[in-house]
Amino acid sequence: MDQASTVNARNIHVERATRLLFATYLLALVVAAVAELTGRFHLTIEAWGYLIIPAVGLAHNVWTLARSRRATDPLDRDRFFKEGAMGVVVTLIYLGSTLYIWMEAPAVFTGV
């Protein structure tokens, strides 16, 4: 029995969506860094800290979901999947609240 037949299709879709979200967020951070370096806008060091935390969270969730796919014990597979899926939700809530604060009080991020 190969690995793909033992892993639930939903788990594979959640892992792929998380990887895509992580890659998109990293691309957005790179674009923001390039805009910062070229002088298009300025972010404080605290703002970069707030923006890096979701990237770390998404990276951890991608790793945990990959552990779920590689797990041989069904209980470990289920536990890793639930941990990774809940981590994605928590990371998205954190990112949403950070972006909301940025919209409501931009001076916190720009220092202006």
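Fair warning: this is a prediction, and the values are worked out from it, not measured in the lab.

Undergrad: What is the right way to read the nonpolar core from this model?
TA: In this structure, Tyr-25, Leu-29, Leu-43, Trp-48 and Leu-51 are the most contacted members of the largest nonpolar core, which totals 13 residues. A total of six residues in this core trace back to one element, the largest contributor, which is helix α3 (residues 45–70). Each residue touching Leu-29, except ones within four places of it in the same chain, is listed here: Trp-48, Leu-51, Ile-52 and Ala-55.

Undergrad: Just checking my understanding: could you explain the packing of aromatic side chains for this structure?
TA: Under the criterion given, the structure shown has two aromatic pairs. Both rings, one in Tyr-50 and one in Phe-109, keep their centres 5.7 Å apart while their planes meet at 55°; by these two values the pair is tilted. Of the two residues, Tyr-50 is situated in helix α3 and Phe-109 in helix α5 (residues 107–110); the sequence distance between them amounts to 59 residues. Given the relative accessible area of 2%, Phe-109 is considered buried. Aromatic side chains Trp-102 and Phe-109 sit 4.9 Å apart centroid to centroid with 20° between the ring planes, which places their arrangement in the stacked category. Since its relative accessible area comes to 25%, Trp-102 is described here as partly exposed. Grouping aromatic residues by their ring pairs yields a cluster made of Tyr-50, Trp-102 and Phe-109. Sitting over the face of the ring of Phe-80, Arg-79 holds its NZ or CZ atom 4.6 Å from the ring centroid.

Conventions we followed
- Throughout this description, residue numbers start from 1 for each chain and increase along the sequence as written.
- Confidence filtering applies because this is a predicted model: local features only for residues at pLDDT of at least 70, side-chain atom pairs given and counted only at 80 or more, and all residues used for totals across whole chains, interfaces and linings.
- Water and hydrogen atoms were dropped before computing side-chain values, which therefore reflect all heavy atoms in the structure.
- Joining through side-chain atoms within 4.5 Å is the link that ties buried Ala, Val, Leu, Ile, Met, Phe, Trp, Tyr and Cys residues into a set, and such a set is a nonpolar core.
- Between buried and exposed lies partly exposed: a residue is buried under 20% and exposed over 50% of the maximum accessible area for its type, with that area taken using a 1.4 Å probe on protein chains only.
- Counting from the N terminus, the helices are the DSSP runs of H or I reaching at least four residues and the strands are the DSSP runs of E reaching at least two.
- Any pair of residues with heavy atoms lying within 4.5 Å of one another is described as a contacting pair.
- Stacked, tilted and edge-to-face are the three classes assigned to paired rings of Phe, Tyr and Trp, where Trp is represented by its six-membered ring and a pair needs centres within 6.5 Å; plane angles under 30 degrees give stacked, over 60 edge-to-face, the rest tilted.
- Comment: the charge-over-ring label is applied if NZ (Lys) or CZ (Arg) is within 6 Å of the ring centre and within 35 degrees of the ring normal.

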